[in-house]
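Spelled out, the chains give:
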Amino acid sequence: MTKPNNYATDPKFNRTIISVQEAQSRVMSRMKAGGVEFIPLEEAYGRHAAATVRSDVPVPHFCRSMMDGYAVRAADLASAGLEKPVRLRVTEEVACGTVASRSLRPGEAVRIMTGAQVPEGADAVIKLEETTECGSAGKRELELRQPVTEGDNLLPVGVEIEQGELMVGSGRRIGAGEMALLAMFGCATVQVHRRPRVAILSTGHELLDVSAPLEPGKIRNSNSFMLAAQVREAGGIPHLLPHVPDELERAKSVIMEAMKEFDAVVTTGGVSVGDYDVMYDLTNNWSGELLFNKVAMRPGSPTTVGLLHGKPLFALSGNPSACYVGFEMFVRPALLRMQGAHEPNPHRMTAALMEPFAKQDRFERFVRGNYATDENGNLTVRLAGIDMSNATITIRDADCLICIPPTNGVMPAGTRVDIIPLRLRR
Ligand SMILES: Nc1nc2c(c(=O)[nH]1)N[C@H]1C(S)=C(S)[C@@H](COP(=O)(O)OP(=O)(O)OC[C@H]3O[C@@H](n4cnc5c(N)ncnc54)[C@H](O)[C@@H]3O)O[C@H]1N2
Ligand code: MOO
Ligand SMILES: [Mg+2]
């Protein structure tokens, strides 16, 4: 079945290599935020805001007590001392959610609870445990033996948030804090960007369904499920298509259908130079554009990205780790941009390598690693384990990608390198 190849002239072997940065910018320059929808606040967690929300009232919008105690007028207590107690008349109680019946007059105090509205006329709150209430039935009195400072234990109007301040910027991912703010300002419905619907297709004669028994020469399709998880992590809605064998026409018809129906298509397998690697032919001779088909990175050097009617086709490598890394570098930022995210590109930090890195490469490497802090509080990083593009186990174990620049020597331990954190740590 195998046919002779002319490596010197066959374009399949002579692809134009571009840097990771160039490849990322070719993709990102073509991605734009998708449609907008209105959803109930309770469903907004993890979504990206499509409109800016500002405070329409100050917070707090009424002067609130920070303590359980008594609201007083500081001037009344100016002369109070250990030997010179001042007596105030307790006129009423203000629980949370209620308001005093009238403003506080000289010589008066009001029993107040944490969070309740401080009555007009009061300018300080004294903690319950710093007071003694005395007086007889029907005449409650408070004896105080020290002065208070005006403003003690109360939250003036607008002290936390002024009216008109930015609460949630357009493009911001809605997390716990954003949820609370949206609720505070009465946003029962939230305007967000649509989640991109992403079709996932694995190609390969060797692939078996997850439920199928193993056979010699065959493996179960694991990449589709890994990619579905990555799509979810990036805010998209994954749709798993049944895997197809390495047949150009079969793959092409499934992909062309999926390109019509979904916002993006991610394939895995068949991007290299093997006889049955159909994605090269497919993306070279299709009605869409080819953005690139070779990136100076490892794993994932044959990663290919095309564009059809503005929609991306990400043809990732079949090797599990190359597939994983290809997704992180290109698909995740693209899906985030489609959701209007402001900073979709992978976030980098620097850490010191804990062990030497000896593999030499003319390509930038993204090695699966684990980061930690040393006794001085500095970030350190070490390899997660097997660093091969066909390995899957280290995808489970890694919490970052270590970015190793092209090297022609050993990188000694202690070298500072960039790392890309992958997810919340376990
Ligand atoms: N002569 C050369 N061979 C290879 C080169 C090269 O430059 N010259 N590049 C290597 C590199 S780098 C990579 S990466 C791989 C890319 O492979 P493909 O994208 O063409 O993927 P396949 O050939 O279809 O499969 C590779 C590997 O991955 C397994 N696989 C595929 N799909 C799945 C799946 N859905 N779930 C789990 N595992 C999957 C497949 O069985 C193979 O083992 O090419 C190198 N070769
Ligand atoms: O570039 Mo391949 O992706 O080594 O694994
Ligand atoms: Mg191949």
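As the structure is a prediction and not an experimental result, all values here were calculated from the model. (Residues numbered from 1 in each chain as written. Chains lettered and ligands numbered in written order. Predicted model: local features only at pLDDT ≥ 70, side-chain atom pairs only at ≥ 80, totals over all residues. Heavy atoms only, no water.)

A. A look at the coordination of the magnesium ion (ligand 3). In the first shell of the magnesium ion (ligand 3), the protein supplies Asp 277 (OD) and Asp 277 (OD), at 2.4 Å from the metal. Relative to the elements of secondary structure, Asp 277 occurs in the loop between strand 17 (264–268) and helix 5 (278–284). (Donors = N, O, S within 2.8 Å, 3.2 Å for Na, K, Ca; no water. Helix = DSSP H or I, 4+ residues; strand = E, 2+ residues; numbered from the N terminus.)

B. Representation of the sheet that holds strand 4 (residues 69–72) in the model. Spatially, 7-4-6-5-9-8 is the arrangement adopted by the 6 strands of the open sheet, whose pairing is mixed. The strands lining the two open edges of the sheet, one partner per strand, are strand 7 (124–127) and strand 8 (132–136). Across this sheet, the average inter-strand angle for adjacent strands is 40°, counted without regard to direction. The sheet contact formed by strand 5 (residues 86–94) and strand 9 (residues 139–144) spans 4 bridges and is antiparallel. Across the sheet, Leu 88 pairs through a bridge with Leu 142, a residue of strand 9. (Pairing = 2+ DSSP bridges. Axes fitted to C-alpha atoms, helices over the stretch in contact; angles between N-to-C directions.)

C. Spatial organisation of the site of ligand 2. Neighbouring ligand 2 are Arg 298, Pro 299, Gly 300, Ser 301, Pro 302, Ala 322 and Ser 389. Gly 300 places a main-chain nitrogen or oxygen 2.2 Å from an oxygen atom of ligand 2. At 2.5 Å, a side-chain N or O of Ser 389 approaches an oxygen atom of ligand 2. Looking at the shell around ligand 2 residue by residue, the class counts come to 3 nonpolar, 3 polar and 1 charged. (Near = heavy atom within 4 Å. Polar contact = N/O pair within 3.5 Å; in protein donor to acceptor, adjacent residues only side chain to side chain. Nonpolar A, V, L, I, M, F, W, Y, C, P; charged D, E, K, R; others polar.)

D. Looking closely at the site of ligand 1. The immediate surroundings of ligand 1 are formed by 18 residues, with Glu 206, Asn 221, Val 271, Ser 272 and Gly 318 found nearest. Asp 277 is positioned such that a nitrogen or oxygen atom in its side chain is 3.1 Å from an oxygen atom of ligand 1. Contact between ligand 1 and Asn 319: an oxygen atom at 3.2 Å from a main-chain N or O atom of the residue. Out of a free accessible area of 880 Å², ligand 1 has 68% covered by protein chains. In terms of residue class, the shell around ligand 1 is built from 5 nonpolar, 11 polar and 2 charged. (Areas by Shrake-Rupley, 256 points an atom, 1.4 Å probe, with all protein chains shown as cover.)

E. Local environment of the UniProt feature "domain: MoaB/Mog" (unreviewed entry) in the protein chain. Sites flagged by UniProt as "domain: MoaB/Mog" (unreviewed entry) map to residues 199–337. Summarising residues 199–337: 36% helix, 24% strand, and an end-to-end C-alpha distance of 17 Å. (UniProt positions renumbered as here; feature names shortened; annotations may be inferred.)

F. Main features of helix 4 (residues 248–261). When the terminal C-alpha atoms of helix 4 are compared, their 20 Å separation across 14 residues agrees well with the 20 Å that a helix rising 1.5 Å per residue should span. Residues Ala 251, Ile 255, Ala 258 and Met 259 constitute the buried set of helix 4. All buried residues of helix 4 lie within an arc of 105° about the axis, which places them on one face of the element. Exposed side of helix 4, more than 90 degrees from the buried face: Glu 249 and Lys 260 are the residues found there. On the buried face of helix 4, the contacting elements are strand 13 (197–202), strand 17, helix 5, strand 20 (304–308) and strand 21 (311–316). (Expected span 1.5 Å × (residues − 1). Buried < 20%, exposed > 50% of the residue type's maximum accessible area, 1.4 Å probe, protein only. Arc of directions from axis to C-beta. Contact = heavy atoms within 4.5 Å.)

G. Just the pattern of salt bridges, in detail. Within the structure shown, the criterion is met by 24 salt bridges. With a closest N to O distance of 2.8 Å, Glu 108 and Arg 102 form a salt bridge. On the basis of relative accessibility, which here comes to 30%, the residue Arg 102 falls in the partly exposed class. Here Asp 361 and Arg 365 are joined by a salt bridge, their closest N and O atoms 3.2 Å apart. Several salt bridges share partner residues, and in doing so they unite Arg 87, Lys 139, Glu 141, Glu 143 and Arg 145 into one network. (Salt bridge = Lys/Arg side-chain N within 4 Å of Asp/Glu carboxyl O.)

H. Molecular detail of the environment of Lys 127. Inspection of the secondary structure puts Lys 127 in strand 7. Taking C-alpha positions, Lys 127 is 9.1 Å from Met 66, a pair spaced 61 residues apart along the chain. Setting aside chain neighbours within four positions, we find Lys 127 in contact with Met 67, Asp 68, Gly 69 and Asn 153.

I. Up close: the confidence of the model for the protein chain. Looking at the protein chain as a whole, its pLDDT mean stands at 95, while 99% of the residues score no less than 70. Reported for the predicted complex are a pTM of 0.92 and an ipTM of 0.98. (pLDDT = per-residue confidence, 0-100.)

J. Looking closely at the sheet that holds strand 18 (residues 289–292). In spatial order, the strands read 16-13-17-21-20-18; together these 6 strands make up an open sheet with mixed pairing. This sheet does not close on itself; its edge strands, each paired only once, are strand 16 (237–240) and strand 18. Pairs of neighbouring strands in the sheet enclose a mean axial angle of 25°, with direction left out of account. Of the strand pairs in this sheet, strand 13 and strand 16 are connected by 4 bridges, and their pairing is parallel. The residue of strand 16 that forms the bridge with Ala 199 is His 239. In this fold helix 4 packs onto strand 13, strand 17, strand 20 and strand 21, with an angle of close to 140° to the strand it touches most, strand 21.

K. The arrangement of the packing of aromatic side chains in detail. Scanning the entire structure with this criterion turns up 2 aromatic pairs. Taken together, a centroid distance of 4.8 Å and an interplanar angle of 75° make the contact between Tyr 7 and Phe 13 edge-to-face. Its relative accessible area of 52% is what places Tyr 7 among the exposed residues. Each ring, one from Phe 292 and one from Phe 330, has its centre 5.5 Å from the other, and the planes form 55°; the classification is tilted. On the criterion of sequence distance, the pair formed by Phe 292 in strand 18 and Phe 330 in helix 6 (residues 320–338) is long-range, its members being 38 residues apart. Each of the two residues, Phe 292 as well as Phe 330, counts as buried. Against the face of Tyr 70 rests Arg 111, its NZ or CZ located 5.5 Å from the ring centre. Taking the ring centre of Tyr 45 as reference, the NZ or CZ of Arg 173 above it sits at 5.4 Å. (Phe/Tyr/Trp six-rings, centres within 6.5 Å; stacked < 30°, edge-to-face > 60°. Lys NZ or Arg CZ within 6 Å of the ring centre and 35° of its normal.)

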